[in-house]
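Chain residues, written in single-letter form:
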Amino acid sequence: MEKKDIKSLTREKLTAAITQMGLPKFRAGQIFSWLHQKNVKTFEEMTNLPAALRTQLSEQFYIPQLKIVRKLVSRIDGTIKYLFELPDGERVESVLMHYKHGNSLCISSQAGCRMGCKFCASTIAGFTRNLVPSELLGQIAAACEDSGQRVHSIVMMGIGEPLDNFENVLDFLNLLEDEKGFGMSHRHVSLSTCGLVDKIRELAQKKLQITLSVSLHAPNNERRDQIMPVNHRYPVEELIAACKDYTRITGRRISFEYALISGVTDTDECAYQLAKLLKGMLCHVNLIPVNEIRERDYKKSSKESIRRFAGILEKHRLTVTVRRKLGADIDAACGQLRKDSAQTGR
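All values derive from a computational prediction rather than experimental measurement.

Criteria and cut-off values
Residues numbered from 1 in each chain as written. Predicted model: local features only at pLDDT ≥ 70, side-chain atom pairs only at ≥ 80, totals over all residues. Heavy atoms only, no water. Helix = DSSP H or I, 4+ residues; strand = E, 2+ residues; numbered from the N terminus. Buried < 20%, exposed > 50% of the residue type's maximum accessible area, 1.4 Å probe, protein only. Contact = heavy atoms within 4.5 Å. Polar contact = N/O pair within 3.5 Å; in protein donor to acceptor, adjacent residues only side chain to side chain. Expected span 1.5 Å × (residues − 1). Arc of directions from axis to C-beta. Pairing = 2+ DSSP bridges. Right-handed = clockwise from strand over helix to strand, strands pointing away. Phe/Tyr/Trp six-rings, centres within 6.5 Å; stacked < 30°, edge-to-face > 60°. Lys NZ or Arg CZ within 6 Å of the ring centre and 35° of its normal.

Peer 1: Can you help me understand the environment of His284 in this one?
Peer 2: Relative to the helices and strands, His284 resides in strand S13 (residues 283–289). A relative accessible area of 11% means that His284 is categorised as buried. Measuring from C-alpha to C-alpha, the distance between His284 and Val320 comes to 6.1 Å, with 36 residues separating the pair along the chain. Ignoring any residue separated from it by four or fewer positions in sequence, one finds His284 in contact with Arg253, Ile254, Ser255, Phe256, Thr319, Val320 and Thr321. For His284, the side chain forms a polar contact with the side chain of Ser255, separated by 3.5 Å.

Pasting the structure below:
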């Protein structure tokens, strides 16, 4: 019999599995607490369970662990970048960032990405598979254990497209917020999507209190088609309509991520088009100077271009921030460590 990943089971699913084994429901609560609050690595550590039950659990389930393959620490701001190895040998990245309001961990949702955004390193090494809930949680547990620091918020902007891994991500969010588990409010979670319109609409019906970040990166179909293949399937008009419905249904403000690429997306014309596109929406615009990668010839905008672009948006009464670059000396943007690892075999 193939063993099952017990840490990916929500409390409801774990309770169902335990009762099917003929055990009382309270055992599920005990096991869940050991897994998600005490973060045990073996069933033998569950000392308030009978020895026979621990043996029974080890015969039917396993507790997956992530291994730190590489760790880079920024000398500039203390940002920590991890390359994790998953149980099957696949590798993903996480980045632990320090802010005045607390520590934020950027996690990956897939091993690779199939969205194909032209300016992103995550897609270069190719897509292998989705991550399961335990592997999403495992990035948090491993970063906390290694750094000795608490994580106050989660950013799902690492490798992969979270909404392309919809069911696993929903179970992860369930586990993350569970009061018997990690206990993190969804208000401290930001989920980034390149614009899978059908999944945005499905997510809206869940009415979760997460922050939805939409990677827009261009204000019109012509420019977005050039840099984001997803736009061929879901053009800008459909994406914005879904976003408006999302804010209406959930009452939550959307954060639009906008990569500033010199001569491509940072022109005055683009700024005016973006202002018109987002007029009247419950939203925030986060301007991101593009990360330059070896395999692409895109260049980040000058400081003057960034100031001018932001100024145009602000004149049109949009709330704008420019993302502060953290971990600049360790290439903290996700995708680069995994890509290099795939190329070198290390």
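Here the narrative resumes.
Peer 1: Just to check I follow, could you spell out helix H9 (residues 236–250) for this structure?
Peer 2: Think of an α-helix as turning once every 3.6 residues; residues three or four places apart then point the same way. In this model H9 runs 21 Å from its N-terminal to its C-terminal C-alpha over 15 residues, within 8% of the 21 Å that 1.5 Å per residue would give. Looking only at H9, the buried set comprises Val236, Leu239, Ile240, Ala242, Cys243, Tyr246, Thr247 and Thr250. An end-on view of H9 places all buried positions within 160° of arc, on one side of the element. Relative to its buried face, H9 has exposed residues pointing more than 90 degrees away, namely Glu237 and Arg248. Elements that come into contact with the buried residues of H9 comprise helix H6 (197–206), strand S11 (211–215), helix H7 (221–227), helix H8 (230–233), strand S12 (254–260) and helix H10 (268–278).

Peer 1: So what exactly am I meant to see when it comes to the side chain of Thr10 here?
Peer 2: Summarising the element assignment, Thr10 is placed in the loop between strand S1 (4–5) and helix H1 (11–20). Ignoring sequence-local partners within four residues, the contact set of Thr10 consists of Phe32, Asp171, Asn174 and Leu175.

Peer 1: What am I meant to see in the pairing of S12 here?
Peer 2: Side-chain positions along a regular strand alternate between the two faces of the sheet. In terms of burial, S12 is a largely internal element, seven of the seven residues being buried. Relative to S12, S11 is paired through three bridges, and the arrangement is parallel. Across the sheet, Ser213 pairs through a bridge with Ser255, a residue of S12. Sheet topology places S12 next to S13; seven bridges connect them, and they run parallel. Bridged to Glu257 within S13 is Asn286. This β-α-β element, S12 to H10 to S13, shows right-handed connectivity.

Peer 1: What is the right way to read unusual backbone geometry from this model?
Peer 2: Keep in mind that most residues, glycine aside, have a negative phi and that most peptide bonds are trans. For Asn39, which is not a glycine, the phi torsion comes out positive at approximately 55°. The residue Asn39 is located in the loop between helix H2 (26–36) and helix H3 (51–60) in this model. Of note in this structure, Lys207 is not a glycine but carries a positive phi near 55°.

Peer 1: How should the packing of aromatic side chains be read in this particular structure?
Peer 2: The geometry of two aromatic rings is summed up by the distance between their centres and the angle between their planes. This structure, assessed with the given rule, holds two aromatic pairs. Between Tyr82 and Phe84, the ring centres sit 5.3 Å apart and the planes meet at 15°, which makes this aromatic pair stacked. Classification of Tyr82 by relative accessible area gives buried; the value is 0%. In this structure, Arg114 is placed above the aromatic ring of Phe127, and the distance from its NZ or CZ to the ring centre is 4.1 Å.

Peer 1: Honestly, the side chain of Ser134 in this entry has me stumped. Any pointers?
Peer 2: With respect to the helices and strands, Ser134 occurs in helix H4 (residues 133–147). A polar contact of 2.6 Å, which involves the side chain of Ser134, links it to the side chain of Asp5. Discounting residues that sit within four places of it in the chain, Ser134 has contacts with Asp5, Lys7, Ser8 and Pro64.

Peer 1: Hey, could you run me through the pairing of S13 in this one?
Peer 2: Of all seven residues in S13, six are buried, a share of seventy percent or more. Inspection of the sheet shows S13 paired to strand S14 (residues 320–322) by three bridges, in the parallel sense. Residue pairing across strands places Leu287 opposite Val322, the latter belonging to S14.

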